[in-house]
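Residue-level listing of the chains:
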Amino acid sequence: MAVVPGFTFNEETEMISALYSAVALMKRYEEESVDNKSYWMQRVEDYTKVADKFSNACRSAIYNA
């Protein structure tokens, strides 16, 4: 069962990978930031919540299929 209609398991896996890659990028921006560390820290939290939520939805769909 796909979380995103029309997506295959592989496509959803790629989406999870892309979301966590975005988290890593935001963490790097936070580390390198001089003036906006709090902004990037918030972005890390926001992106992590989205990535975790999507990942958990995919896991639930697999286990409940």
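Above this text sits the structure in question.
Here is what the cut-offs are and how they apply
- Residues numbered from 1 in each chain as written.
- Predicted model: local features only at pLDDT ≥ 70, side-chain atom pairs only at ≥ 80, totals over all residues.
- Heavy atoms only, no water.
- Salt bridge = Lys/Arg side-chain N within 4 Å of Asp/Glu carboxyl O.
- Helix = DSSP H or I, 4+ residues; strand = E, 2+ residues; numbered from the N terminus.
- Patch = residues over 30% accessible without salt bridge, like charges linked within 9 Å, V, L, I, M, F, W, Y side chains within 5 Å.
- Areas by Shrake-Rupley, 256 points an atom, 1.4 Å probe, with all protein chains shown as cover.
- Buried < 20%, exposed > 50% of the residue type's maximum accessible area, 1.4 Å probe, protein only.

1. Quick word on the pattern of salt bridges
Here is step 1 of the chain: Enumeration over the complete set of coordinates arrives at two salt bridges.
Here is step 2 of the chain: A salt bridge links Asp46 to Arg43, with the shortest nitrogen-to-oxygen separation between them at 2.5 Å. Of this pair, Asp46 and Arg43 both sit in helix α2 (residues 37-63), three residues apart, which is roughly one turn of that helix.

2. Observations concerning a nonpolar patch on the surface
Here is step 1 of the chain: The grouping of Phe9, Ile62 and Tyr63 at the surface amounts to a nonpolar patch, some 400 Å² of accessible area in total.
Here is step 2 of the chain: Residue Phe9 is classed as exposed on the basis of its relative accessible area of 55%.

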